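Structural characterization, general
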Amino acid sequence: MLKFLVLLFFAILAASASQRKCLEGADHKYEPTQEDDLQECTLYAKSSCCHADITKELALSPVIKVKTFYWNRCKSLSKDCERYMKKMECFYRCSPHAAYWAHPIHKAAIKSVPVCKSFCDDWYEACKNDLTCVRNWLTDWKVDDQGENQCKRNCIPYSEMYTDGTDMCNSMWGASLEVSKSTSHCLKMDETDIESIKAILEMEGSSASSSSSDSSDSSSSSSSSSSSSSSSSSSSSSSSSSSSSSSSSSSSEKADGRHEESDGSKPKEW
């Protein structure tokens, strides 16, 4: 049954011809295809939402910039820290799975991607001694006339900007990431993500089925209540008719109203 629900979930995703398979960013493809010439982000080579040219700048070390976004405003990142930054950049630009978490309003962005706490802790450990001048790397920069990001304040260590890995993941990319409470239904931006995403979709399919079942039960209960009300109303009508007949045959009975049904003539209130 669960397997059927997962297949149904994928069928619904594929049903809409207008639905993109990749994010709507200017550098994203409409749907993922194989890319044999990726210089970085090779994890997504078999099914990539990015073109090979976008990975040329990411393949450098240290990375200076990606398009007009500079990574070295507080000196170049250490190799370990840079490795995690590349993981995130590759996921956003190239992963065929990123579109599962497309922002509901800003379609080129992602929202609430469930990342593993262990991944965030390792990322924080790799970057804690590196420097940054912004807490939110999406919104806290000053953007100049050339569209390039500039610092608004002094550079400080990551360990001073963020309290821990969870704080960093939940803040660094705004609402893009969300540290998961689960240790298995979350992403690490590596080859294990395929199985994790399957587990996440199975869980969502199961939740959708449960919600549908609850809704069906509610409708059934409402229908039953309506039927009960109809039956009760019919009984009341019959009783009223009987009372009218009896009343016309006896003037004394009509006076004291002994045959008026005051109990059980109203339907139940739900």
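**Overview of helix α4 (residues 117–127)**
Regarding α4, the residues found buried are Phe119, Cys120, Trp123, Tyr124, Ala126 and Cys127. Projected onto a plane normal to the axis of α4, the buried residues spread over an arc of 160° and lie on a single side. Contacts made by the buried residues of α4 are with α3 (79–94), β5 (113–115), α5 (158–161), α6 (165–172) and β10 (177–179).

**Here we look at the state of the cysteines**
Under the defined criterion, the tally for this structure stands at eight disulfides. Cys41 shares a disulfide with Cys90; S-S distance 1.9 Å. One disulfide, between Cys41 and Cys90, carries an S-S torsion of -75° and so falls in the left-handed class. Separated by 49 residues along the polypeptide, Cys41 in the loop between β1 (28–33) and β2 (48–50) and Cys90 in helix α3 bring together distant segments of the chain. Here the two residues Cys41 and Cys90 agree in accessibility, since each one is buried. Each disulfide pairs two cysteine sulfurs, and for Cys74 the partner residue is Cys155, the sulfurs being separated by 2.0 Å. Here the disulfide of Cys74 and Cys155 is left-handed, its torsion about the S-S bond being about -80°. One end of the pair, Cys74, is in the loop between β4 (69–70) and α3; the other, Cys155, is in the loop between β8 (149–150) and β9 (156–157), and 81 residues separate them in sequence. By relative accessible area, Cys155 is classed as partly exposed at 31%.

**Some words on the packing of α4 against α6**
Their axes nearest at 7 Å, the elements α4 and α6 cross at an angle of 95°. By the angle between their axes, α4 is roughly perpendicular relative to α6. Here Lys117, Cys120, Asp121, Trp123 and Tyr124 of α4 come into contact with α6, specifically with Gly165, Thr166, Met168, Cys169 and Met172. Residue composition of the contact of α4 with α6, by class: six nonpolar, two polar and two charged.

**So, α3**
Look at α3: 21 Å from first C-alpha to last across 16 residues, which is about the 22 Å you get at 1.5 Å a residue. In terms of burial, α3 is largely enclosed, as 12 of its 16 residues are buried. Residues of α3 that are buried: Cys81, Glu82, Tyr84, Met85, Lys86, Met88, Glu89, Cys90, Phe91, Tyr92, Arg93 and Cys94.

**Re the pattern of salt bridges**
Opposite charge on two side chains permits them to pair, given that their charged atoms come into close proximity. For the structure on display, the rule yields 12 salt bridges. For the salt bridge of Arg93 with Asp27, the shortest nitrogen-to-oxygen distance reads 3.7 Å. Separated by 66 residues along the polypeptide, Arg93 in helix α3 and Asp27 in the loop between α1 (2–15) and β1 bring together distant segments of the chain. You can call Arg93 buried: its relative accessible area is 13%. Asp167 is paired through a salt bridge with Arg135; the nearest N and O atoms lie 2.5 Å apart. Of this pair, Asp167 sits in helix α6 while Arg135 sits in the loop between β6 (131–132) and β7 (142–143); the two residues are 32 residues apart in sequence, bridging distant segments of the chain. On the accessibility criterion, Asp167 (17% relative accessible area) is buried.

**Observations regarding the packing of α3 against α4**
For any two helices packed against each other, the geometry comes down to the angle between their axes and how far apart the axes lie. Close contact between α3 and α4 brings their axes to 7 Å; oriented N to C, the two are set at 140°. As summarised for this structure, α3 and α4 are arranged oblique, according to the angle between their axes. At the point where α3 passes α4, the crossing takes the left-handed sense. Touching Asp80, Cys81, Tyr84, Met85, Lys87 and Met88 of α3 are Phe119, Asp122, Trp123, Ala126 and Cys127, all from α4. Counted by class, the contact of α3 with α4 contains eight nonpolar, no polar and three charged residues.

Parameters and conventions
Residues numbered from 1 in each chain as written. Predicted model: local features only at pLDDT ≥ 70, side-chain atom pairs only at ≥ 80, totals over all residues. Heavy atoms only, no water. Buried < 20%, exposed > 50% of the residue type's maximum accessible area, 1.4 Å probe, protein only. Helix = DSSP H or I, 4+ residues; strand = E, 2+ residues; numbered from the N terminus. Arc of directions from axis to C-beta. Contact = heavy atoms within 4.5 Å. Disulfide = S-S within 2.5 Å. Axes fitted to C-alpha atoms, helices over the stretch in contact; angles between N-to-C directions. Parallel < 35°, antiparallel > 145°, perpendicular 65-115°, else oblique. Nonpolar A, V, L, I, M, F, W, Y, C, P; charged D, E, K, R; others polar. Expected span 1.5 Å × (residues − 1). Salt bridge = Lys/Arg side-chain N within 4 Å of Asp/Glu carboxyl O. Left-handed = near helix turned anticlockwise from the far one by under 90°.

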